[in-house]
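Spelled out, the chains give:
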Amino acid sequence: MNEDRIKGQWKQLAGKIKAKWGKLTDDDLTVAEGNSEYLAGKVQERYGIAKDEAEKQVREFNRDF
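Heads up: these notes are all about the structure in this document.

Conventions we followed
- Residues numbered from 1 in each chain as written.
- Predicted model: local features only at pLDDT ≥ 70, side-chain atom pairs only at ≥ 80, totals over all residues.
- Heavy atoms only, no water.
- Helix = DSSP H or I, 4+ residues; strand = E, 2+ residues; numbered from the N terminus.
- Expected span 1.5 Å × (residues − 1).
- Buried < 20%, exposed > 50% of the residue type's maximum accessible area, 1.4 Å probe, protein only.
- Arc of directions from axis to C-beta.
- Axes fitted to C-alpha atoms, helices over the stretch in contact; angles between N-to-C directions.
- Parallel < 35°, antiparallel > 145°, perpendicular 65-115°, else oblique.
- Left-handed = near helix turned anticlockwise from the far one by under 90°.
- Contact = heavy atoms within 4.5 Å.
- Nonpolar A, V, L, I, M, F, W, Y, C, P; charged D, E, K, R; others polar.
- Salt bridge = Lys/Arg side-chain N within 4 Å of Asp/Glu carboxyl O.

A few points about helix H4 (residues 36-47)
Note: α-helices contain 3.6 residues per turn, so residues at a spacing of three or four share the same orientation.
Now for step 1: When the terminal C-alpha atoms of H4 are compared, their 16 Å separation across twelve residues agrees well with the 16 Å that a helix rising 1.5 Å per residue should span.
Now for step 2: For H4, every residue scored as buried is listed here: Ser 36, Leu 39, Ala 40, Lys 42 and Val 43. All buried residues of H4 fall inside an arc of 160° around its axis, so they share one side.
Now for step 3: Phi turns positive one or two residues past the end of H4, at Gly 48, with a value near 65°.

Set out below in structure tokens:
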């Protein structure tokens, strides 16, 4: 899914993102607003995983939706 499509469907995706990464806050999602790079950074921060692993998870999530 490309960035423009993600931004257009952000409200629907935010719920699915929260279901997958429950440690993310509503504020995290508001600031991310479709920015995959920012989202990966927050996943990395909240879950204490490597940057490349966080980016991989976000890419896989984007591919599925």
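Focus on the packing of H4 against helix H5 (residues 51-64)
Now for step 1: Closest axis-to-axis distance for the H4/H5 pair is 8 Å, and the angle between their directions is 125°. Comparing the axis directions of H4 and H5 gives the class oblique. Of the two possible hands of crossing, H4 and H5 adopt the one that is right-handed. Contacts between H4 and H5 pair Ser 36, Leu 39, Ala 40, Val 43 and Gln 44 from the former with Lys 51, Ala 54, Glu 55, Gln 57, Val 58 and Asn 62 from the latter.
Now for step 2: Looking at the contact of H4 with H5, its residues break down into five nonpolar, four polar and two charged.

Side note on the pattern of salt bridges
Now for step 1: Counted according to the given criterion, the structure contains five salt bridges.
Now for step 2: Of the charged contacts in the structure, one is a salt bridge between Asp 28 and Arg 46, with a shortest N-O distance of 2.9 Å. Of this pair, Asp 28 sits in helix H3 (residues 26-32) while Arg 46 is found in helix H4, placing the two residues 18 residues apart along the sequence.
Now for step 3: According to the relative accessible area criterion, Asp 28 is buried, its value standing at 6%.

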